[in-house]
Amino acid sequence: MKNIIVKANAGALTNFEVLDLLNSRGASKDTTRVIASETVSRSEYKVYDYLMETAASTQTRESVTKFSDKCKDFRLAKAEILNIINLRPSSDVELTPILEKPDEREIDIEGILALVQELLPPLPTVEAQKENEQEETENDEQS
């Protein structure tokens with residue numbers, strides 16, 4: 001399969017979009033993945049593993065699109081929206097550093113946080129990560 005560049009440097013991607021791309025190329029949590037895969041490099045697997053521990057792993061295309069559309073009401077820059085999607089802040093302490101001069105721009109921080117809570121799925125929990133590691137261990141033992 002040959003990759004075709006549709007539009008070079010079309011802009012920044014969300015972590016969800018990168019994770020989606022890696023999934024489409026065959027990345028997974030399968031322990032034999034590095035040996036079996038010719039389409040996904042080791043560095044791409046490292047990126048995949050990292051993104052599976054972030055907000056990107058619980059997001060959907062629909063939730064990201066809805067959030068981006070609703071953020072236009074807050075007059076946020078594209079980079080600010082991208083960072084909010086990637087980091088999924090849950091408090092004003094986490095959100096304020098993402099925004100440039102929020103006080104001067106009179107940005108509704110509480111409104112943005114409410115939108116995050118409403119539209120973006122929660123972060124993967126530590127328990128879920130432990131369950132995934134336990135499943136991987138059990139799969140290794142069965143092999």
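Provided above is the structure to which this section pertains.
Residues numbered from 1 in each chain as written. Predicted model: local features only at pLDDT ≥ 70, side-chain atom pairs only at ≥ 80, totals over all residues. Heavy atoms only, no water.

(A) The arrangement of the environment of Asp20 in detail. Here Asp20 lies in helix H1 (residues 15–24). When its relative accessible area of 31% is taken as the criterion, Asp20 is described as partly exposed. In this structure, the C-alpha to C-alpha distance between Asp20 and Thr60, residues 40 residues apart in sequence, is 9.3 Å. (Helix = DSSP H or I, 4+ residues; strand = E, 2+ residues; numbered from the N terminus. Buried < 20%, exposed > 50% of the residue type's maximum accessible area, 1.4 Å probe, protein only.)

(B) Seen up close, the environment of Ser91. Mapped onto the elements, Ser91 comes out in the loop between helix H5 (78–87) and helix H6 (92–95). Classification of Ser91 as partly exposed rests on a relative accessible area of 24%. Once the C-alpha coordinates of Ser91 and Glu110 are considered, the two residues, 19 residues apart in sequence, prove to be 8.5 Å apart.

(C) View of the pattern of salt bridges. Applying the stated criterion to the full structure yields 4 salt bridges. As a salt-bridge pair, Asp69 and Lys72 come within 3.9 Å of each other at their nearest N and O atoms. By relative accessible area, Lys72 is classed as exposed at 60%. (Salt bridge = Lys/Arg side-chain N within 4 Å of Asp/Glu carboxyl O.)

(D) Examining the packing of helix H4 (residues 61–71) against H5 more closely. As a packed pair, H4 and H5 sit with axes 11 Å apart at the nearest point and diverge in direction by 140°. On the basis of the axis angle, H4 is oblique to H5. Of the two possible hands of crossing, H4 and H5 adopt the one that is right-handed. For the pair formed by H4 and H5, the contact residues are Val64, Phe67, Ser68 and Cys71 on the first element and Ile81, Ile84 and Ile85 on the second. (Axes fitted to C-alpha atoms, helices over the stretch in contact; angles between N-to-C directions. Parallel < 35°, antiparallel > 145°, perpendicular 65-115°, else oblique. Left-handed = near helix turned anticlockwise from the far one by under 90°. Contact = heavy atoms within 4.5 Å.)

(E) The arrangement of the side chain of Arg88 in detail. Its location among the elements puts Arg88 in the loop between H5 and H6. Buried charge without a salt bridge: Arg88, with Glu94 as the nearest opposite-charge side chain at an N-O distance of 7.1 Å. Side-chain polar atoms of Arg88 contact the backbone oxygen of Leu120, separated by 3.1 Å. At 2.6 Å, the side chain of Arg88 forms a polar contact with the backbone oxygen of Pro121. (Lys, Arg positive; Asp, Glu negative; His and termini not counted. Polar contact = N/O pair within 3.5 Å; in protein donor to acceptor, adjacent residues only side chain to side chain.)

(F) Seen up close, the nonpolar core. Counting 27 residues, the largest nonpolar core has Phe67, Leu76, Ile84, Leu95, Leu99 and Ile112 as the members making the most contacts within it. At the level of elements, H1, helix H3 (42–51), H4, H5 and helix H7 (109–119) are the ones that each hand at least two residues to this core. No other element matches H7, which puts 6 residues into this core. Among all residues touching Leu95, those that are not within four sequence positions of it are Ile84, Pro89, Ile109, Ile112 and Leu113. (Core = buried A, V, L, I, M, F, W, Y, C linked by side-chain atoms within 4.5 Å.)

(G) H1, seen in detail. Of the positions making up H1, those classed as buried are Asn15, Phe16, Leu19 and Leu22. With its buried residues spanning 125° around the axis, H1 presents them on a single face. In the core, the buried residues of H1 are packed alongside H3, H4 and H5. (Arc of directions from axis to C-beta.)

Limitation: the analysis is restricted to geometry and does not speak to function.
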